[in-house]
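# Geometric and topological summary
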Amino acid sequence: MSMIEFHNVEKYYGKFHALTNINLTIEKGETVVLIGPSGSGKSTLIRTINGLESINSGQLIVNGFDLASKKTNMNKIRREVGMVFQHFNLYNNKTVLENIMLGPRVVLGRKEDENKKIAMELLEQVGLSEKAESMPSMLSGGQKQRIAIARSLAMHPKCILFDEPTSALDPEMIDDVLNVMKQIAKDSSMTMVVVTHEMGFAREVGDRVVFMADGQILEDDAKEEFFDGQPSNERARQFLSKIIKH
Amino acid sequence: MINIVSSHSSELLSGLGQTVLCSLIALFFSLIIGSMFAIFEVLPNKILQTIGRIYVEVVRNIPLLVVTMFFYIVIPQYVVSIDGFVAGTIGLTIYTSAFIAETVRAGIQSVSGGQMEAARSNGMSYWQSMRYIVLPQAFKIVIPPLGNQFINLVKNSSVLAFVAGFDLMYVGNDIASTTFDTINSYLVVGVMYLIITMPLSYYMRYLEKRTNRGAA
Amino acid sequence: MRKILKSVALVFSLMVSLLVLSSCGSKKEVKNTNAWTQAQKTDSLTWGVKADTKLFGLMNVKTSQIEGFDIDMAKALTKKMLGKDAKANFVQVTSQTRIPLLKNGNLDAIIATMTITDERKKVVDFSNSYFDAGQSLLVKKGSPIKNVQDLNKSGTKVIGVVGSNSVENIKKFAPKAQVIQLQDYAQALTALKSGQGAALTTDNGILFGMAVDNPNYQVVGKAFTKEPYGVAINKGQDDLKEHVNKALKELEKSGEYNKLIEKWFGNIAGFDYKEVER
């Protein structure tokens, strides 16, 4: 069974056709990088996967559950599908440690000592052990994003969605965050869907590259094909040449 | 002023007591009712949203005296016999709850939507997200305007005087009309309101500072 | 701790400044000008009258004129005192506002169902009585309350109007009853109708006025007090007071007084207007 399956998915915002005939299958353990110009529907697409955006028609199956079905419990799906946001969205009223421990405690009912142990290990993994008692407002953007990743990992999800995780960061912070993400991609069998403009990251850890424009998937290639060969789609070629020049 | 205080101390004290009692009851219930309607207004449910909206718009746009008179005059005729104190306290509660609802709603909505999305993506239900993430942040934002509402509530409790609720204002009217010393009678009453509202005002400030320190 | 001290100090300084303010305020009284010479100069008198009391002073919403026995008396007195072309001005007052308004000089005299009492004599002067009222009770028809003694039970609520003499009287005649004071007669009557009290008490003339418009309600028991209404005038205005008294006597002698009594009370059921004629 695949992790995520889109079948003929359509999505509108009023009259605006945000997603057009999306067909996409992502296997367990795969790392898929979503690229494309802004306004192409990448963020909308990734947000449909954990139900932050609903779809108008078609079928979307995540972890074996049909998201359009009323019987599907979205809270259950979100336990297994974490999300990392462009603007971090750390809980402003909680310490760093509490940000990581809150979900496992109230959602999974994880025991307190175990919860703390896991949280501290994750803090170490993202290199921020000393910030455990800090409030989010005292952290830099890069630190916030690494905590946000740790918060997602603490739920032990099967899949994590990254919605432009580095585009709100100062350039010198980007690598810290990307390194953490690369580690996750290499270490585990976790499925990762990443919306990003970081081609270096895509080339290094991506299994597949999906190119979107105007709400449609125009290119869906294995990484080698996309970067070393030539994308068959003209717009994808243009986009790629621009990005690489920069 | 001193004369009035010494010759009417027991009436003034009982009036003060009634005012404080009414204010405390109204504060407690208007906070609960107001928060409830505020949550109605932000829930992703069109019907409850509409109910909340209508409640707030209707109640806050009717003068307090009219709301109170309704409970004093109409309810006893058709529903159940309630006296001036009860009618006044209910009126004040309902009236204030609409303003508290507006304040709390604004507080909830000023918490960035990303907080709710993050909590939901973390697997929490809507109510868990509200309880652990959104409401605590909204509460902090809402403390200063809520303080204003509480102080207004104490002052508005003088509506009891119009329905014979035996509050401070009622006692003041009584003293003024029996002693004919209108100026001093109302000065005494004014100072007694200050005795209630000033500490409240300072307490709200203290609370504001403390919560700000808690999460800078 | 320091903060508490600070706020206490603040409250105290406020109180002191209010005290100073109030002592300044009470000095400002209108004793120096002679109201009577002033009235002769302007050829007019300003009267404080009720506008919520049927038969005595009630605002007619159609004409926006205040009408009633008090109004007619004020007009007649003014003409007797100052001549045919003199003008009587009317200012609406309530039981609560009438004395302050008189004392700060907004009114020359009050003719507003105001009983002459010793308490009030300490603050204002009164003319001779111009109407002999007595306090009575208004109840719903069929009520067990027949007289003021029936009210003297704890738990019984009696409705009155703030600042009126009748609420003080009830405390004497039915000390166990609880008195509920409302802002004006209209509110008091509405409260009686919604069952906030067992009876409404005030002067019989006023109560009969209410009973006219509300046939389900009736005046019960004989008047249990004497409530002579007087014209209230500021202390020190003896000239004006004497002229009011003189004019009042002339009105009584000429029969004009009885005509006004008949006009307003002649066909009120249950009210023996002959008793108050002079």
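Bear in mind the structure is a predicted one, so any value in this text is a computation, not a measurement. (Residues numbered from 1 in each chain as written. Chains lettered and ligands numbered in written order. Predicted model: local features only at pLDDT ≥ 70, side-chain atom pairs only at ≥ 80, totals over all residues. Heavy atoms only, no water.)

## Focus: the overall build of chain A
Note the threshold: What counts as a helix is a DSSP run of H or I of at least four residues, what counts as a strand is a run of E of at least two, and both are numbered from the N terminus. Throughout, radius of gyration means the C-alpha value; the globule benchmark is 2.2 Å times the number of residues raised to the power 0.38. Burial classes: relative accessible area under 20% of the type maximum marks a residue as buried, over 50% as exposed, and values in between as partly exposed (1.4 Å probe, protein chains only). It only takes one pair of heavy atoms within 4.5 Å for two residues to be counted as in contact. Shrake-Rupley sampling with a 1.4 Å probe provides the accessible areas, and residues are treated as covered by the protein chains on show and by no other component. Charge assignment in this entry is limited to Lys and Arg as positive and Asp and Glu as negative, and neither His nor the chain termini are counted. The location of each charge is read from NZ of Lys, CZ of Arg, CG of Asp or CD of Glu.
Counting secondary structure elements, chain A contains nine helices and ten strands. The C-alpha atoms of chain A give a radius of gyration of 18 Å, which matches the 18 Å a tight globule of 246 residues would have. Principal axes of the C-alpha set define a box for chain A whose edges measure 50 × 45 × 35 Å. The buried share among the 246 residues of chain A stands at 57%. Restricting to contacts in chain A with at least 6 residues of sequence separation, those with at least 24 account for 66%. Surface exposure of chain A reaches about 10700 Å², of which carbon and sulfur atoms provide 46%. Averaging the positions of the 30 positive and the 33 negative side-chain charges in chain A gives two centres separated by 6 Å.

## A look at the packing of helix α2 (residues 9-42) of chain B against helix α8 (residues 168-179) of chain B
What describes two packed helices is the angle between their axes and the distance between those same axes. All names here are of chain B. Condition: Here an axis means a line fitted to C-alpha atoms, over the contact stretch when the element is a helix, while the angle between two N-to-C directions is reported on a 0 to 180 degree scale. Any angle that falls under 35 degrees is termed roughly parallel, while one over 145 is termed roughly antiparallel, one within 65 to 115 roughly perpendicular, and all others oblique. Residues are sorted three ways: Asp, Glu, Lys and Arg are charged, Ala, Val, Leu, Ile, Met, Phe, Trp, Tyr, Cys and Pro are nonpolar, and all the rest, Gly among them, are polar.
At their nearest, the axes of α2 and α8 sit 7 Å apart, and the two run at 150 degrees to each other. Between α2 and α8, the angle falls in the class roughly antiparallel. Contact residues: α2 offers E11, L12, G15, L16 and T19, while α8 offers L168, V171 and I175. Considered class by class, the residues forming the contact of α2 with α8 number five nonpolar, two polar and one charged.

## Details of the side chain of Q183 of chain C
Heads up, the condition is: For the purposes of these results, a polar contact is taken to be a pair of N or O atoms within 3.5 Å, where, inside protein, one atom must be able to donate a hydrogen and its partner to accept one; residues adjacent in sequence count only when each atom of the pair is a side-chain atom.
Along the chain, the position of Q183 of chain C falls in the loop between β10 (178-182) and α7 (185-193). At 3.5 Å, the side chain of Q183 of chain C and the backbone oxygen of A161 of chain B are in polar contact. With near-sequence residues (within four places) excluded, Q183 of chain C lies in contact with A161, F162 and N173 of chain B together with Q96, V161 and V162 of chain C.

## Some thoughts on the interface of chain B and chain C
Heads up, the rule is: Computed with a 1.4 Å rolling probe, the buried area is the accessible surface lost when two parts are put together, summed over both parts. One speaks of a salt bridge when a side-chain nitrogen belonging to Lys or Arg is within 4 Å of a carboxyl oxygen belonging to Asp or Glu.
Tallying the contact residues gives 30 residues for chain B and 33 residues for chain C. Both faces combined, the contact of chain B with chain C buries some 2600 Å², and carbon together with sulfur accounts for 66% of it. Applying the counting rule to chain B against chain C returns zero salt bridges. Where chain B meets chain C, there are seven residue pairs in polar contact (both at pLDDT 80 or more). Broken down by secondary-structure element, the contributors of at least two residues to the side of chain B that touches chain C are α4 (64-78), α8 and α9 (182-214) of chain B. Tallying contributions element by element places α9 of chain B first for the side of chain B that touches chain C, with ten residues. Broken down by class, the residue content of the side of chain B that touches chain C amounts to 20 nonpolar, seven polar and three charged.

## Digging into the side chain of T202 of chain C
All names here are of chain C. Relative to the helices and strands, T202 resides in strand β11 (residues 199-203). Residue classification places T202 among the buried positions, given a relative accessible area of 1%. Apart from residues no more than four positions distant in its own chain, T202 is found in contact with G134, Q135, S136, S166, Y185 and L207.

## Some words on the sheet that holds β10 of chain C
As a general point, the strands of a sheet are linked pairwise by backbone hydrogen bonds and lie either parallel or antiparallel. Residues and elements named next belong to chain C. Counted only if it meets this: For two strands to count as paired, DSSP must find a minimum of two bridges between them.
Pairing within the open sheet is mixed, and its five strands lie in the order β10-β9-β11-β8-β12. Bordering the open sheet on either side are β10 and β12 (217-220), each of which pairs with just one other strand. For this sheet, the mean inter-axis angle between neighbouring strands, taken without regard to orientation, is 35 degrees. Pairing geometry for strand β8 (residues 135-140) and β12, over four bridges, is antiparallel. Looking at the pairing, K140 lines up with Y217 of β12. The sheet contacts of helix α8 (residues 204-213) involve β8, β11 and β12, and relative to β11 the element is tilted by about 130 degrees.

## A short note on helix α3 (residues 46-60) of chain B
Residue and element names in this part refer to chain B. Counted only if it meets this: Expected helix span is taken as 1.5 Å per residue step, with the number of steps being one fewer than the number of residues.
The end-to-end C-alpha distance of α3 is 21 Å, a good match for the 21 Å that 15 residues give at a rise of 1.5 Å each. Buried positions along α3 lie against α2 and α5 (84-110). Capping the start of α3, N45 holds a side-chain oxygen 2.9 Å from the backbone nitrogen of I47, two or three residues further along.

## Considering the interface of chain A and chain B
Interface size is commonly expressed as the accessible surface area that is lost when the partners come together. With 25 residues of chain A at the interface, the matching set in chain B holds 18 residues. Taken together, the two surfaces of chain A and chain B that pack against each other cover about 1800 Å², and 50% of this comes from carbon and sulfur. E117 of chain B is the partner of R47 of chain A in a salt bridge, and the nearest nitrogen-oxygen pair spans 2.5 Å. At the boundary of chain A and chain B, one finds ten residue pairs in polar contact (both at pLDDT 80 or more). Listed by contribution, the elements that provide at least two residues to the side of chain A that touches chain B are α2 (74-80), β6 (81-84) and α3 (96-108) of chain A. By residue number, the principal contributor to the side of chain A that touches chain B is α3 of chain A, which donates five residues. Grouping the amino acids of the side of chain A that touches chain B by side-chain chemistry returns eleven nonpolar, nine polar and five charged.

## Points about the UniProt feature "domain: ABC transporter" (unreviewed entry) in chain A
Condition: UniProt positions are given in the numbering used here, feature names are shortened, and annotations may be inferred rather than shown by experiment.
When the UniProt feature table is mapped onto this chain numbering, "domain: ABC transporter" (unreviewed entry) sits at residues 4-239 of chain A. Helix makes up 39% of residues 4-239 of chain A and strand 26%, and the two end C-alpha atoms of the span are 26 Å apart.

## As for the sheet that holds strand β5 (residues 65-66) of chain A
All names here are of chain A. In spatial order, the strands read β2-β1-β4-β5; together these four strands make up an open sheet with antiparallel pairing. Unpaired on one side and paired on the other, β2 (16-26) and β5 mark the two borders of the sheet. Here strand β1 (residues 4-13) pairs with strand β4 (residues 57-62) via five bridges, running antiparallel. Its bridge partner being in β4, E5 is matched across the sheet by I61.

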